[in-house]
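Geometric and topological summary
Here is what each chain is made of, one letter per residue.
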Amino acid sequence: MDAITSPATLSVVDRLERGLFELAEVYRKHKLYIKTKYNISALEMEILQLIHLDGKKKMKEIGEQFHIKLSTLTSIIDKIESQKLVKRVNSREDRRVVFLDITKKGQKLYEEYHRYLQLVSVQAHQSMEDYEFQAFLHGLKKMSEIISSPDID
């Protein structure tokens, strides 16, 4: 990096853009960690997390939550079902409706991952002053709101 592009000379917007790029790289590394450690994709882990937190879900609801076509979701679920992490349960009222539920093996895998996230969160919190950590959380929430806004295009 030369003097022209040193962090001190970048505008606030440029620094934020660079920070978002770095955050994307962190997420790519995190996805690789999940794949290596747990032998499932980050999306599959997110599906386990959703079912763990909310209880059994309709396939359609999961597809809508993650913006995935049902045909694509079926392939994803086939994979984690074959690993015995989730199970399909037909509705008693309407056999066409399929729910996904997490298995004991899936629960155990997710809880291990949750402990890892807890450790990362504790380390992040301990590495910052309380006001910095609160500002960090506030900033994450605001960025999420801005990026999720229908006005951004």
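Everything below is about the structure shown above.
Anyway, here's the lowdown on the structure attached to this text.

What counts, and where the lines are drawn
- Residues numbered from 1 in each chain as written.
- Predicted model: local features only at pLDDT ≥ 70, side-chain atom pairs only at ≥ 80, totals over all residues.
- Heavy atoms only, no water.
- Core = buried A, V, L, I, M, F, W, Y, C linked by side-chain atoms within 4.5 Å.
- Buried < 20%, exposed > 50% of the residue type's maximum accessible area, 1.4 Å probe, protein only.
- Helix = DSSP H or I, 4+ residues; strand = E, 2+ residues; numbered from the N terminus.
- Contact = heavy atoms within 4.5 Å.
- Pairing = 2+ DSSP bridges.
- Phe/Tyr/Trp six-rings, centres within 6.5 Å; stacked < 30°, edge-to-face > 60°.
- Lys NZ or Arg CZ within 6 Å of the ring centre and 35° of its normal.

Here we take up the nonpolar core. As a rule of thumb, nonpolar side chains are buried together in soluble globular proteins. Counting 24 residues, the largest nonpolar core has Ile40, Met45, Ile47, Leu48, Ile62 and Ile77 as its most contacted members. If you list the elements that add at least two residues to this core, you get helix H1 (12-38), helix H2 (42-54), helix H3 (59-66), helix H4 (70-82), strand E3 (98-102) and helix H5 (104-126). Looking at which element gives the most residues to this core, the answer is H2, with 6 residues. Setting aside its immediate chain neighbours within four residues, Ile77 contacts Ile47, Met59, Val86, Arg88 and Leu100.

Looking now at the pairing of E3. With 2 bridges joining them, strand E1 (residues 57-58) and E3 adopt antiparallel strand pairing. Residue pairing in the sheet places Lys57 in a bridge with Leu100 of E3. Relative to E3, strand E2 (residues 86-90) runs antiparallel, the two sharing 5 bridges. Residue Lys87 lies in a different strand from E3, and its bridge partner there is Asp101.

For the rest of this paragraph, the subject is the packing of aromatic side chains. Considering all chains together, one arrives at 6 aromatic pairs under this definition. Ring centres 4.4 Å apart and planes at 25° place the aromatic pair Tyr33 and Tyr116 in the stacked group. Taken together, the residues Tyr33 in helix H1 and Tyr116 in helix H5 connect sequence positions 83 residues apart. The exposure class assigned to Tyr33 is partly exposed, which follows from its relative accessible area of 28%. The exposure class assigned to Tyr116 is partly exposed, which follows from its relative accessible area of 23%. Each member of the aromatic cluster is reached from another via a ring pair, and the members are Tyr33, Tyr38, Tyr110, Tyr113 and Tyr116. Here the guanidinium or amino end of Lys56 rests over the ring plane of Phe99, the centre of that ring lying 5.2 Å away.

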